[in-house]
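# Fold and contact review
Letter by letter, the chains look like this.
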Amino acid sequence: LRQQNADIESQLQKERPQLSQMRADAETAANEASARVEERRVLAEAGIALKTQVEKHRNRQENLADELERLSQRRQDLGQADSKCPVCETELDAEHRRQIAAEYDDQQSSVSRQLADVSTHMERMQIDVAAHRRKFSALASAESDLTTNQQHLAFVREREASLRERERVGHGRQEEFQ
C-alpha cells in the first residue's frame, strides 16, 4: 500500500506541472480566440457602417450623374431654333443663348468635378471594403477556435479536479495507514 501511495504521489508530481502548463496554454489560446471574436464583432459593426457610407456615396454618384445628364440635355436644347429662356420663358437671342450656355457649362463643370471627387472617394472606399472583407474573413475561424479552446480548457480543468481528488484519496489512505 505504501508503494502504491508512493507511485501515485510520483505520478501526481509529474502531472501537476504538465497540467499547469496545459491550463496556461489553453487559457492563453482561449483569451486570444476571444479577442479575435471581439475583433470580428467590431469589424462586423464597422462593415455595416461602411456599407451605409458606400450606399450613400453611390446614391450621390447617381444623383450627380443624373444632374450632369440633365444639364447636358438642357445645353443641347439651347441649340434648337425655338428654344426659350429657362427662367423667363421668352425667345432667346444670340447673346442670351450664349449667356445661358455659359451658365450650363459652368454648372456642368462643377457637377463633373463633384462627380469625379465622389468617384475617387468611392474607389478608395471600395479598396477599404476589400481590405475590411479580407480582415473579416481572416477572423472567420475565431468562433470555432474559441469553442475548441474553451473545450480544451474545460478538459484540463477536469483533469486538474481529478488530480486533486486522487491527491485527496491518496492522503486519506495514507492517514488510514498510519
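What you see is a predicted model; the values in this text were computed from it and never measured. (Residues numbered from 1 in each chain as written. Predicted model: local features only at pLDDT ≥ 70, side-chain atom pairs only at ≥ 80, totals over all residues. Heavy atoms only, no water.)

## Considering the overall build of the protein chain
Applied cut-off: The helix and strand labels rest on DSSP assignments: H or I over at least four residues marks a helix, E over at least two residues marks a strand, and numbering proceeds from the N terminus. Atoms considered for the radius of gyration are the C-alpha atoms alone. The globule rule reads 2.2 Å times the number of residues to the power 0.38. The classification of residues rests on relative accessible area computed with a 1.4 Å probe and restricted to protein chains. Under 20% of the type maximum is buried, over 50% is exposed, and intermediate values are partly exposed. Contact criterion: two residues are considered in contact whenever any of their non-hydrogen atoms come within 4.5 Å of each other. In summary, the charge assignment counts Lys and Arg as positive and Asp and Glu as negative, without counting His or the chain termini. Here the site of a charge means atom NZ of a Lys, CZ of an Arg, CG of an Asp or CD of a Glu.
Along the backbone of the protein chain there are three helices and zero strands. Listing every helix and strand of the protein chain by position from the N terminus yields α-α-α. Computed over its C-alpha atoms, the radius of gyration of the protein chain comes to 37 Å, more than 25% above the 16 Å expected for a compact globule of 178 residues. Summarising its shape, the C-alpha atoms of the protein chain cover approximately 125 × 20 × 15 Å along the three principal directions. Per-residue burial over the protein chain gives 22% buried out of 178 residues. Across the protein chain, contacts joining residues at least 24 apart in sequence account for 81% of those joining residues at least 6 apart. Each charge class in the protein chain was averaged separately, 28 positive and 34 negative side chains, and the resulting centres sit 5 Å apart.

## Description of the nonpolar core
Using the following cut-off: In this text, buried Ala, Val, Leu, Ile, Met, Phe, Trp, Tyr and Cys residues form a nonpolar core when linked through side-chain atoms within 4.5 Å.
Among the nonpolar cores identified, the biggest contains 16 residues, and Val54, Leu64, Leu78, Leu92, Ile100 and Tyr104 are the most heavily contacted of them. Listing elements by their share of this core, those giving two or more residues are helix H1 (2–78) and helix H2 (94–138). Here this core takes nine residues from H2, the largest share from any one element.

## Re the confidence of the model for the protein chain
The line we're drawing: Scored between 0 and 100, pLDDT is the confidence that the predictor attaches to each residue.
Of all residues in the protein chain, 95% attain a pLDDT of 70 or more, and the chain-wide mean is 86. Summarising per-element confidence for the protein chain, the mean pLDDT is lowest in helix H3 (residues 142–177) (80) and highest in H2 (92).

## Digging into the pattern of salt bridges
Quick reminder of the rule: Any carboxyl oxygen of Asp or Glu that lies within 4 Å of a side-chain nitrogen of Lys or Arg is treated as forming a salt bridge with it.
Counted according to the given criterion, the structure contains 10 salt bridges. Here Arg23 ties to Glu160 by a salt bridge, and the two come within 2.6 Å at their closest N and O atoms. One end of the pair, Arg23, is in helix H1; the other, Glu160, is in helix H3, with 137 residues separating them in the sequence. By relative accessible area, Glu160 is classed as buried at 11%. Here Glu45 ties to Arg41 by a salt bridge, and the two come within 2.4 Å at their closest N and O atoms. With Glu45 and Arg41 both in helix H1, this residue pair falls four residues apart, about one helical turn. Bridged by salt links that share partners, the residues Glu38, Arg41 and Glu45 form one connected network.

## Quick notes on the environment of Glu38
If you trace the backbone, Glu38 turns up in helix H1. Along the sequence, Glu38 and Leu139 sit 101 residues apart, while their C-alpha atoms lie 9.9 Å from each other.

## Concerning the side chain of Glu15
Note on placement: Glu15 falls in helix H1. Each residue touching Glu15, except ones within four places of it in the same chain, is listed here: Arg159, Leu163 and Arg166.

## With respect to the packing of aromatic side chains
Our working definition: Aromatic contacts are taken between Phe, Tyr and Trp rings whose centres are within 6.5 Å, Trp giving its six-membered ring; a plane angle under 30 degrees counts as stacked, one over 60 as edge-to-face, and the others as tilted. Both a distance and an angle decide whether a charge sits over a ring: NZ of Lys or CZ of Arg must be within 6 Å of the ring centre and within 35 degrees of the ring normal.
Evaluated as defined, the whole model comprises zero aromatic pairs. It is Arg40 that lies over the ring of Phe136; its NZ or CZ is 3.9 Å from the centre.

## Structural notes on the environment of Val42
Its place among the elements puts Val42 in helix H1. Along the chain, Val42 and Phe136 lie 94 residues apart, while their C-alpha atoms are 9.7 Å from each other.

## Considerations on H2
We count it as follows: Any helix carries an expected span of 1.5 Å times its number of residues minus one. Any pair of N or O atoms that falls within 3.5 Å is considered a polar contact. Within protein, one atom must be able to donate a hydrogen and the other to accept it, and sequence-neighbouring residues count only if both atoms are side-chain atoms.
For H2, built from 45 residues, the straight-helix expectation of 66 Å at 1.5 Å per residue is met to within 8% by its first-to-last C-alpha distance of 65 Å. Taken together, the buried positions of H2 are occupied by Ile100, Ala101, Tyr104, Gln108, Val111, Leu115, Val118, Met122, Met125, Val129 and His132. One side-chain oxygen at the N-terminal end of H2 lies 3.3 Å from the backbone nitrogen of Glu95; it belongs to Asp93.

## Examining the state of the cysteines
Heads up, the rule is: Throughout, disulfides are identified as pairs of cysteine sulfur atoms within 2.5 Å of each other.
Following the criterion strictly, the structure yields zero disulfides and no others. Free of any disulfide, Cys85 has its nearest cysteine sulfur in Cys88, 3.5 Å distant. For Cys88, a relative accessible area of 42% gives the class partly exposed.

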